[in-house]
Amino acid sequence: MLKIYIDICCYNRPFDDQSQMKIRLETEAKLYIQAAVKDSKYLLVWSYMLDFENSNSPYEDRQNSVALWKNIAHESCLSSVDVLLLGKEIMKFGIKEMDSLHIACAITNGCDYFITTDKRLLNKTVTEIKIINPVNFVLETEENPNEN
């Protein structure tokens, strides 16, 4: 079973302006992925970094909506020396500190995919994990019964 980490911008995608097709597609894909998590198709990892970033949201409704996923997640990554050291290594790929810590949490917990809508991150490569947009994740991981 695939293990996934969804970053905070992806969790918040449904709150963005849905009149843009790209955002609407990413929202639908993210909601589809979350439904699959609830159906035990994927293992979801939560982290202390998600708690931190979510708690800094100025919108209480968004905070509450995102926070629900902490209890649905199958695993949680706590801060540790290993996570912090790995985060520093990931920063060498040109990734900002907060993002590198999210990715370090995902890698530390053995995630296969880091799902984000952040364009800056989507243009980066970290060899230990695949960084992917929610739409591309669905396209890549869903089996097409018509293909042989």
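Here, the structure is the one placed above.
Throughout what follows, the structure given in this document is the object of discussion. Note that the structure is predicted; figures quoted are calculated from it, not measured.

## Brief notes about the nonpolar core
Right, so step 1: If you look at the biggest cluster of nonpolar residues, it comprises 41 residues, and the most contacted ones within it are Ile4, Tyr5, Ile103, Ile115, Ile129 and Phe137.
Right, so step 2: A per-element tally of this core places helix 6 (residues 97-108) first, with six residues.

## A short note on the pattern of salt bridges
Between side chains of opposite charge, a pair can form as their charged atoms come close.
Right, so step 1: Scanning all chains against the criterion turns up ten salt bridges.
Right, so step 2: One salt bridge connects Arg13 with Glu26, and the closest N-O pair in it is separated by 2.6 Å. Taken as a pair, Arg13 in the loop between helix 1 (8-11) and helix 2 (21-38) and Glu26 in helix 2 lie far apart in primary sequence, 13 residues in all. Summarising the burial analysis for this pair, Arg13 and Glu26 share the class buried.

## Focus: the side chain of Asn54
Right, so step 1: You can see Asn54 is positioned in helix 3 (residues 48-55).
Right, so step 2: Within the local environment of Asn54, its side chain forms a polar contact with the backbone oxygen of Gln63, the two atoms lying 3.0 Å apart.

## Focus on the pairing of strand 2 (residues 43-47)
Right, so step 1: Judged by how many residues are buried, strand 2 sits mostly within the fold: four of five residues are covered.
Right, so step 2: Two elements, strand 1 (residues 3-6) and strand 2, share three bridges in a ladder whose sense is parallel. Counterpart to Tyr5 in the pairing with strand 2 is Val45.
Right, so step 3: Relative to strand 3 (residues 75-77), strand 2 is paired through three bridges, and the arrangement is parallel. Bridge assignment links Trp46 to a residue of strand 3, and that residue is Ser76.

Reading guide: rules and limits
- Residues numbered from 1 in each chain as written.
- Predicted model: local features only at pLDDT ≥ 70, side-chain atom pairs only at ≥ 80, totals over all residues.
- Heavy atoms only, no water.
- Core = buried A, V, L, I, M, F, W, Y, C linked by side-chain atoms within 4.5 Å.
- Buried < 20%, exposed > 50% of the residue type's maximum accessible area, 1.4 Å probe, protein only.
- Helix = DSSP H or I, 4+ residues; strand = E, 2+ residues; numbered from the N terminus.
- Salt bridge = Lys/Arg side-chain N within 4 Å of Asp/Glu carboxyl O.
- Polar contact = N/O pair within 3.5 Å; in protein donor to acceptor, adjacent residues only side chain to side chain.
- Pairing = 2+ DSSP bridges.

All we've got here are geometric facts, nothing functional implied.
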